[in-house]
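Understanding the architecture of this molecule
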Amino acid sequence: MSESLVVCDVAEDLVEKLRKFRFRKETNNAAIIMKIDKDKRLVVLDEELEGISPDELKDELPERQPRSSNFSFFNLRKTFIVYSYKYQHDDGRVSYPLCFIFSSPVGCKPEQQMMYAGSKNKLVQTAELTKVFEIRNTEDLTEEWLREKLGFFH
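As the structure is a computational prediction, the values presented were derived from the model and not from experiment.

This brings us to the sheet that holds strand E3 (residues 42-50). With mixed pairing, the 6 strands of this open sheet are ordered in space as E1-E3-E2-E6-E9-E10. Of all strands in the sheet, those with a lone pairing partner are strand E1 (9-10) and strand E10 (131-135), marking the two edges. Sheet strands in contact with helix H4 (residues 143-151) are strand E6 (79-84), strand E9 (98-103) and E10, and its direction is about 140° off that of E10.

This is how it looks when you write it as structure tokens:
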């Protein structure tokens, strides 16, 4: 029998933070980075970043993190990101789309893949997001990549 898909709940404080983020008044780029607390089976806040470009955001997303404090080797890291991006349209208009970016590097452990994949849709629904993108390599997260993805919505 195959392993069942694990769907993690979203931490209540994170749900509130995402709601406030959706209605923020600031006009700069900002990101909420989330991860799964495996023991609690919860999607939790990892980091908040203000005034950050897509290229700077990429540098804040390590592809690798320590597996545990007892080991010195690393495993690949999956991450959920909600990104508020100042989007300058070709006709001069400015909008601030909220983008959900799922960083899913190739080579992650199967258990981690299932936990993140199973929780992704629940998080997207909870945060009421429609612009959902996935990257397999954090190097792909550039302003050009994001503008290309957002171009499909306008």
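This is not the end of the story, as more comes after the structure.
Further remarks concern the packing of aromatic side chains. Counted under the stated rule, the structure contains 7 aromatic pairs. Joined through ring pairs, the aromatic side chains of Phe 80, Phe 100, Phe 102 and Tyr 116 make up one cluster.

Turning our attention to the nonpolar core. With 23 residues, the main nonpolar core has Met 34, Val 43 and Phe 80 as its most contacted residues. Excluding residues that lie within four positions of it along the chain, Val 43 makes contacts with Cys 8, Asp 9, Val 10, Ala 11, Leu 14, Met 34, Lys 35, Ile 36, Phe 80, Ser 119 and Leu 123. Ranked by size, the runner-up nonpolar core spans 18 residues in total, among them Leu 61, Tyr 85, Ile 101 and Leu 146.

Rules used throughout
- Residues numbered from 1 in each chain as written.
- Predicted model: local features only at pLDDT ≥ 70, side-chain atom pairs only at ≥ 80, totals over all residues.
- Heavy atoms only, no water.
- Pairing = 2+ DSSP bridges.
- Helix = DSSP H or I, 4+ residues; strand = E, 2+ residues; numbered from the N terminus.
- Contact = heavy atoms within 4.5 Å.
- Axes fitted to C-alpha atoms, helices over the stretch in contact; angles between N-to-C directions.
- Phe/Tyr/Trp six-rings, centres within 6.5 Å; stacked < 30°, edge-to-face > 60°.
- Core = buried A, V, L, I, M, F, W, Y, C linked by side-chain atoms within 4.5 Å.
- Buried < 20%, exposed > 50% of the residue type's maximum accessible area, 1.4 Å probe, protein only.

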